[in-house]
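# Chain and residue survey
Each chain, letter by letter, is given below.
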Amino acid sequence: MAEPLRIAYSPCPNDTFVFHAWTHALLPGQAAPEVLFADIDVTNGLAERGELDMLKVSYAALPWLLETYALLPCGGALGRGCGPLVLTRPGEEGDLSGRRIAVPSERSTAYLLFRLWAATAVPGGLGEIVVLPFHEIMPAVRDGRVDAGLVIHEARFTYQEYGLAKLADMGEAWEAATGLPIPLGAIIAKRSLGAARLRELAAAVRGSVEAAWADPAASREYVLAHAQEMDPAVADQHIGLYVNEFTAELGDEGYAAVRALLTRAAEEGLVPALAPEALAFP
């Protein structure tokens, strides 16, 4: 009997919603994979070491991964109005020059968007960058351990509960500059699985997305069990924002957004340049 496919994604509602049907063997002809839940910074590291068959990673990490992994054309997170935020304490929303900033990862899409924004918005240059797990960033800003924080996920909906203020929206800046959706998280699978198997996996992911949309209630228990005590209404907002038409199919606009992000980042020296065919799906 073949070993199950090993995949990793976050416990966030958008991922558990997307993968529920597949991981619960609800798709005809598709065996359930073996799942590891991990924060995006962890999955980026797992992918760099080639440790799993399929993972959710940051689009920002792709330049280091695409020799070993192929980008799947579905299952990821892109969208509009869903970008990372830069938060500070109220009354401290001024220039970030020289200030201490907490970020969730230096290989995250959030960090790339932040650095692209800061290249023009922070002419004096940033100060120390501190990497923290995303759930620790808002408390660190609130408690004065850092001057500002770059936040992702459900923090868009909860930062005011920490008494924090929004300094800037990276998604708004990106959309204003490019007119394109914001590329956040990608689904990748090992090229060594072969082109036929990769196409099967893409079909499984797409089928799982469609099943989630067809019966949203079916995944409810699974989503909330892994949502780290998140309020159900926030979980619904999270899913509504991050699971959209680009999750079912990247399409021309989705691929254009990914290329634009990585091209601009390479021009700033933030990532290695990609070969023209690097994003192509087998």
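Right above here is the structure, for reference.
Residues numbered from 1 in each chain as written. Predicted model: local features only at pLDDT ≥ 70, side-chain atom pairs only at ≥ 80, totals over all residues. Heavy atoms only, no water.

### Some points on the pattern of salt bridges
Counted by the stated rule, this structure contains 13 salt bridges. Ionic pairing is found between glutamate 51 and arginine 49, a salt bridge with its closest N-O pair at 2.6 Å. By relative accessible area, which is 33% here, glutamate 51 ends up partly exposed. Taking relative accessible area as the criterion, arginine 49 reaches 54% and is therefore assigned exposed. Among the salt bridges present, the one from arginine 142 reaches aspartate 143, with a minimum N-O distance of 2.9 Å. Salt bridges sharing common partners tie together Arg80, Glu175 and Glu253. (Salt bridge = Lys/Arg side-chain N within 4 Å of Asp/Glu carboxyl O. Buried < 20%, exposed > 50% of the residue type's maximum accessible area, 1.4 Å probe, protein only.)

### Some thoughts on the pairing of strand β6 (residues 85–88)
The side chains of a regular strand alternate, first on one face of the sheet and then on the other. Because side chains alternate across β6, one face comprises the buried residues Leu85 and Leu87, and the other comprises Val86 and Thr88, equally buried. Here β6 pairs with strand β10 (residues 165–169) via 4 bridges, running antiparallel. Across the sheet, the residue bridging to threonine 88 is alanine 165, located in β10. (Helix = DSSP H or I, 4+ residues; strand = E, 2+ residues; numbered from the N terminus. Pairing = 2+ DSSP bridges.)

### Overview of the environment of alanine 212
Considering the arrangement of structural elements, one finds alanine 212 in helix α7 (residues 195–214). Its relative accessible area of 5% is what places alanine 212 among the buried residues. As a C-alpha pair, alanine 212 and arginine 99 span 113 residues in sequence and 43 Å in three-dimensional space.

### Some remarks on helix α2 (residues 40–48)
When we look at burial in α2, the residues that qualify are Ile40, Thr43, Asn44, Gly45, Leu46 and Ala47. Looking at the buried residues of α2, the elements they touch are β1 (6–9), β2 (34–37), β3 (54–58), β4 (69–71) and β11 (182–190). Remark: glycine 50 follows α2 within two positions and exhibits a positive phi of approximately 65 degrees. (Contact = heavy atoms within 4.5 Å.)

### A look at the packing of helix α1 (residues 13–23) against helix α9 (residues 232–242)
Angle between the axes and distance between the axes are the two parameters that describe a pair of packed helices. Taken N-terminus to C-terminus, the directions of α1 and α9 make an angle of 70 degrees; their axes are 8 Å apart at the nearest point. Judged by the inter-axis angle, α1 sits roughly perpendicular to α9. Only Ala235, His238, Ile239 and Tyr242 of α9 make contact with α1, whose side of the interface consists of Pro13, Asn14 and Phe17. Along the lines of polarity and charge, the residues of the contact of α1 with α9 split into 5 nonpolar, 2 polar and no charged. (Axes fitted to C-alpha atoms, helices over the stretch in contact; angles between N-to-C directions. Parallel < 35°, antiparallel > 145°, perpendicular 65-115°, else oblique. Nonpolar A, V, L, I, M, F, W, Y, C, P; charged D, E, K, R; others polar.)

### Let's talk about the packing of aromatic side chains
In this description, an aromatic ring pair is defined by two values, namely the gap between the centres and the angle between the planes. Taken as a whole and assessed by the stated rule, the structure comprises 6 aromatic pairs. Summarising the aromatic geometry, the rings of tyrosine 111 and phenylalanine 114 are spaced 6.5 Å apart at their centres and angled 45 degrees between planes, so their arrangement reads as tilted. On the criterion of helical spacing, the pair formed by tyrosine 111 and phenylalanine 114 is a turn pair, its members being 3 residues apart in helix α3 (residues 109–121). Looking at tyrosine 111, the relative accessible area reads 6%, which means it is buried. (Phe/Tyr/Trp six-rings, centres within 6.5 Å; stacked < 30°, edge-to-face > 60°.)

### A look at the nonpolar core
Of all hydrophobic cores here, the largest spans 57 residues; its most connected members are Leu55, Tyr59, Leu62, Leu71, Phe114 and Trp117. With 8 residues, α3 is the single largest residue contributor to this core. Dropping the residues within four chain positions of it, tryptophan 117 is found in contact with Val86, Leu96, Val122, Leu167, Ala168, Met170 and Ala173. Core analysis: the next-biggest nonpolar cluster, separate from the first, contains 27 residues, Leu72, Ala204, Val209 and Ala212 among them. (Core = buried A, V, L, I, M, F, W, Y, C linked by side-chain atoms within 4.5 Å.)

### Looking at the sheet that holds strand β8 (residues 129–131)
Taken in spatial order, the 5 strands make up an open sheet running β8-β7-β9-β6-β10, and their pairing is mixed. Edge positions in the sheet fall to β8 and β10, since each of these pairs with one other strand and no more. Strand after strand, the sheet turns through a mean of 30 degrees between neighbouring axes, direction not considered. Relative to strand β9 (residues 148–151), β6 runs antiparallel, the two sharing 3 bridges. Following the sheet pairing, leucine 85 is matched in β9 by valine 151.

### What to know about the pairing of β3
For β3, a buried count of 5 out of 5 residues is recorded, marking the element as mostly surrounded by other parts of the structure. The sheet contact formed by β1 and β3 spans 2 bridges and is parallel. Bridging from a neighbouring strand, alanine 8 pairs with leucine 55 of β3. In this sheet, β11 lies alongside β3 in antiparallel orientation, the contact comprising 5 bridges. Within β11, the position partnered with valine 57 by the bridge is alanine 186.

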